[in-house]
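# Analysis of the macromolecular model
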Amino acid sequence: MNIEEVNKLTISLTLYIPLIILFIGNIGCILNLLIFTSKELRRNSCGWYFLMSSISDIFLINFSVITRLSSDHFGSNYQNTSRVYCKIRIYLTWTFPCISTGYLVLSSLDRCLSTSEKTRYRLFSQIKIAYRLTIVPIIIYCLTNSHQFYYFDLRPKCVAQVGVYSLFLSIYSIVWTSLIPQSLLLIFGLMTYRNIRISRQRLIQDNANEKKKTRTDIQLIKMTLIQVIGSTILLNIRSIYYAYYVLSTDLDKSDLRKAWENFFYQMSNYFFYMNFFKSFYLNILMSKFFRQVLLKRLKSCLNKIAPNQFRIHPTIASNATLNQ
């Protein structure tokens, strides 16, 4: 392919893929909210972290994708004409993903502690502690990303300061926003798996209510491990590209190579966005419990919207019984 063909392919990619992400992503996030606000999950500490992550995902997908799409294809130029908008957009598009990933790390830690043999560790897996820790990812990432307010500006477009800061930003993206959280997810996931194997007998309860609670916890452990694997794959795609970008900065590149690099850069961004709506689709495929909760919540919502259409009238039910 020549340069023009690669550029046309990139333009098509940046137009249609964001529209698909907006459609599929919003459906997944909204249904996630519906599920994690259910009675079975909203009082569970891990379910709470998933709920907070889903809220962050909705803001991320809609704000980041819509502003980028409007800039690339619909003539919006605020990013390159307004300093305030430039700085705020960059800051939020970096902060929302970090916050969402932070809640996933907390959910993974929560499942790790909940399966520990030591009682004092299991005590941390409580909803009241989850409420208190809700603010932690917000504070951490709002502070650690604050440098972007200073170093991003109109030059004449909205870009980072060239030189040392650009190199720092690439390393910061690889290490702080990707490598560290992924490493924590992997460590907590492996520890959870180890704890389950060691303490399998302890998780079996005689009391019926405890059995129900245990089933919920086991399903959440399964869901958490699935999310860890999915996030590791999707986030590493972008991290690999950034690592390549840093290592190849000083190389002489042809125009065709630059065009292909731009194409793969856009692709890595969309894989990155996929990480923040994947949870619903992975869970619905892998977890029977998740599907059951979803159907229950949908039926409940439909009964509230149109109770006469989705509920059997008592007289009908009694007549049916008499006719038998």
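Residues numbered from 1 in each chain as written. Predicted model: local features only at pLDDT ≥ 70, side-chain atom pairs only at ≥ 80, totals over all residues. Heavy atoms only, no water.

## Looking at the overall build of the protein
This is how it is decided: By definition, any uninterrupted DSSP run of H or I lasting at least four residues is a helix, any uninterrupted run of E lasting at least two residues is a strand, and each is numbered from the N terminus. Type-normalised accessible area, obtained with a 1.4 Å probe on protein chains alone, sets the label of each residue: buried when under 20%, exposed when over 50%, and partly exposed for intermediate values. Any two residues whose heavy atoms approach within 4.5 Å at even a single point are treated as in contact. To be clear on the numbers: accessible area is Shrake-Rupley with a 1.4 Å probe, and residue cover counts the displayed protein chains and nothing else.
On a plain count of helices and strands, the protein comes out with 15 helices and 2 strands. When burial is assessed residue by residue, the protein has 44% of its 324 residues classed as buried. Considering only contacts in the protein between residues 6 or more positions apart, those separated by 24 or more positions represent 80%. On the protein, roughly 18,400 Å² of surface is accessible, and the fraction owed to carbon and sulfur atoms is 65%.

## A closer look at the layout of surface pockets
Using the following cut-off: For each structure, a 1 Å grid was placed over the protein atoms alone; sets of points admitting a 1.4 Å probe that cannot get out are labelled cavities, open sets with protein on both sides within 12 Å along at least five of seven lines are labelled pockets, and lining residues have an atom within 4 Å of a point. Grid points are joined across faces, edges and corners, and a volume is the space filled by probe spheres set on the points. Side-chain classes follow a simple rule in which Ala, Val, Leu, Ile, Met, Phe, Trp, Tyr, Cys and Pro form the nonpolar group, Asp, Glu, Lys and Arg form the charged group, and the remainder, Gly included, forms the polar group.
There is about 1,300 Å³ of room inside the largest pocket. What lines the largest pocket is a set of 43 residues, and nearest its centre among them are R68, R238, Y242, Y265 and N269. With 8 residues, the single largest contributor to the lining of the largest pocket is helix 11 (residues 255-274). Residue composition of the lining of the largest pocket, grouped by class: 20 nonpolar, 16 polar and 7 charged.

## Overview of the pattern of salt bridges
Close approach of charged atoms allows side chains of opposite charge to pair. Just so we agree on the cut-off: Here, a salt bridge means any Lys or Arg side-chain nitrogen found within 4 Å of an Asp or Glu carboxyl oxygen.
Enumeration according to the criterion identifies 6 salt bridges in this entry. With its nearest N and O atoms 2.8 Å apart, the salt bridge here joins R83 to D153. Within this pair, whereas R83 is found in helix 4 (residues 83-114), its partner D153 is found in strand 1 (residues 152-154), the two being separated by 70 residues in sequence. Relative accessible area serves as the criterion here: at 49%, R83 is assigned to the partly exposed category. On the basis of relative accessibility, which here comes to 15%, the residue D153 falls in the buried class. The salt bridge involving D153 is made with K87; its shortest N-O contact spans 3.9 Å. You can see D153 sitting in strand 1 and its partner K87 sitting in helix 4, a full 66 residues away along the chain.

## A short note on helix 1 (residues 3-36)
We apply this condition: By this rule, a helix spans an expected 1.5 Å times one less than how many residues it contains. Polar contact is defined as a pair of N or O atoms within 3.5 Å, subject to the rule that within protein one atom must be able to donate a hydrogen and the other to accept it, and that residues adjacent in sequence are counted only when both atoms are side-chain atoms.
Helix length check: helix 1, at 34 residues, gives a terminal C-alpha distance of 47 Å against a target of 50 Å (1.5 Å per residue), a fit within 8%. Its side-chain oxygen at 3.2 Å from the backbone nitrogen of E4, N2 defines the N-terminal cap of helix 1.

## Comments concerning the side chain of D57
Cut-off, in case you're wondering: For the charge count, each Lys or Arg is scored as positive and each Asp or Glu as negative, with His and the chain ends excluded.
Tracing the chain through its elements places D57 in helix 3 (residues 45-73). Summary of buried charges: D57 has no salt-bridge partner, and the nearest side chain of opposite charge, K278, is 6.8 Å away. Those residues within four positions of D57 in sequence are excluded, and the remaining contacts are C29, S100 and F276.

## Focus: empty space enclosed by the protein
Using the criterion set out here, one finds 2 cavities of 30 Å³ or more in the structure. Approximately 140 Å³ is the volume attributed to the largest cavity. As for the largest cavity, its lining consists of 15 residues, of which S53, D57, S100, L104 and K278 are closest to the centre. Secondary structure elements with two or more residues in the lining of the largest cavity: helix 3, helix 4, helix 10 (208-247) and helix 12 (278-286). In this structure, the second largest cavity spans a volume of roughly 30 Å³. Residue assignment for the lining of the second largest cavity shows that the elements contributing at least two residues are helix 1, helix 3 and helix 11. Sort the elements by how many residues they give to the lining of the second largest cavity and helix 3 lands first, with 4 residues. Residues that form the lining of the second largest cavity fall into these classes: 5 nonpolar, 1 polar and 2 charged.

## Quick look at a nonpolar patch on the surface
In plain terms, the rule: Residues enter patches when their relative accessible area tops 30% and they take part in no salt bridge; the joining distance is 9 Å for like charges and 5 Å for the nonpolar side chains Val, Leu, Ile, Met, Phe, Trp and Tyr.
On the surface, L167, I171, V175, L179, I180 and L184 cluster together into a nonpolar patch covering about 460 Å² of accessible area. Relative to the helices and strands, L179 is located in helix 9 (residues 164-198). Overall, L179 belongs to the partly exposed group, its relative accessible area being 48%.

## Brief notes about the nonpolar core
One broad trend across soluble globular proteins is that nonpolar side chains are buried collectively. Rules: Note on terminology: a nonpolar core comprises buried Ala, Val, Leu, Ile, Met, Phe, Trp, Tyr and Cys residues joined through side-chain atoms within 4.5 Å.
In this structure, I35, F36, F280, F290 and L294 are the most contacted members of the largest nonpolar core, which totals 31 residues. At the level of elements, helix 1, helix 3, helix 4, helix 9, helix 10, helix 12 and helix 13 (288-305) are the ones that each hand at least two residues to this core. In terms of residues, this core owes the most to one element, helix 4, which gives 7 residues. Discounting chain neighbours no more than four positions away, the residues touching I35 are L41, F280, F290, V293 and L294. By size, the runner-up hydrophobic cluster in this structure holds 16 residues, among which are L22, L235, F263 and Y273.

## Some details on the environment of L295
Its location among the elements puts L295 in helix 13. A C-alpha to C-alpha distance of 9.2 Å links L295 and I35, two positions 260 residues apart in sequence.

## Remarks on the confidence of the model for the protein
Worth spelling out the cut-off: The quantity known as pLDDT measures the predictor's confidence residue by residue, on a range of 0 to 100.
Confidence along the protein averages 83 in pLDDT terms, with 88% of residues attaining 70 or more. Looking over the protein, one finds the lowest element-wise mean pLDDT in helix 15 (residues 314-323), namely 43, and the highest in helix 7 (residues 135-144), namely 96. Counted against residues more than four places away or in other chains, residues 203-211, with its pLDDT under 50, gives 5 contacts. Counted against residues more than four places away or in other chains, residues 312-324, with its pLDDT under 50, gives 1 contact.

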